[in-house]
Amino acid sequence: MTTDVKLNFVNESNDQNNSEVVFFQKNVGTNFDELSVAWKVIKNCATGWHHEFTLPMQMQLSASDSWGNEIINPLDASNGQLYHVTKGPSGDELAYMSPGTSRTEVQLRNDLLSGSIDAKIYKSGKLLALKTGVSPSQKAVFQIKPTLWVGVVSQIEEGEIMNSAIMSDVNTELGLLGVASADIVMTGGGIGTSASKFQFHLDNIVYV
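Small disclaimer: the values here were computed from a predicted structure and weren't measured.

**Some points on the overall build of the protein chain**
Secondary structure summary: the protein chain contains 1 helix and 16 strands in total. Taking the principal axes of the C-alpha coordinates as reference, the protein chain spans close to 65 × 35 × 30 Å. For the protein chain, the proportion of its 208 residues judged to be buried stands at 45%. Expressed as a percentage of contacts within the protein chain between residues at least 6 apart in sequence, the contacts between residues at least 24 apart total 64%. A distance of 5 Å separates the average location of the 14 positive side-chain charges in the protein chain from that of its 22 negative side-chain charges.

**Quick word on the pairing of strand β5 (residues 59-65)**
Most of β5 sits inside the fold, with 7 of its 7 residues counted as buried. The pairing of β5 with strand β6 (residues 75-77) spans 3 bridges and is classified as antiparallel. Each bridged residue has a counterpart across the sheet, and for M59 the counterpart in β6 is A77.

**So, the environment of Y83**
Considering the arrangement of structural elements, one finds Y83 in strand β7 (residues 81-88). The class of Y83 is buried, set by a relative accessible area of 3%.

Procedures and definitions
Residues numbered from 1 in each chain as written. Predicted model: local features only at pLDDT ≥ 70, side-chain atom pairs only at ≥ 80, totals over all residues. Heavy atoms only, no water. Helix = DSSP H or I, 4+ residues; strand = E, 2+ residues; numbered from the N terminus. Buried < 20%, exposed > 50% of the residue type's maximum accessible area, 1.4 Å probe, protein only. Contact = heavy atoms within 4.5 Å. Lys, Arg positive; Asp, Glu negative; His and termini not counted. Charge placed at Lys NZ, Arg CZ, Asp CG, Glu CD. Pairing = 2+ DSSP bridges.

Set out below in structure tokens:
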């Protein structure tokens, strides 16, 4: 899957609370459930309104070091590639190293003699996934499935790590494999005895 996906969020709900809607992708390249990053948050999109956005397939890889420094321009990164952080003439450097050990992962190894790094994946210039505290000689592994998670949240900003309580409330995963464009329709909501859970589904799907 290499084509960007054009998406259109459509609010057909009975929401009475001006809810915020979060979109994110999960890193499934680890053996445990990592906390995810709020990649996109749609705010103030009233019932009967819509909001268009694009989910790029191209990822950018970045790193920050133990001094709090981060590179200005993240590198375009593809599955099956291994990158590393090393010591250069002017300080730490992030560079492509070799093919990785898995064709479905982006890998980043800390080749510094000392000091941990944080590995970061961006899409559209916004933080998508994060692996903190990568020690020397250790690797961060990112495997991002062609799916998008969506849910209703409150007081979450783009780029923030979502806590486990928020994560447990977001249980809608939308499969986008082979999809070129689609509407993401939100229904449900309301107040009183007629209220129902918010639900999300794909509509008007166009395939690649």
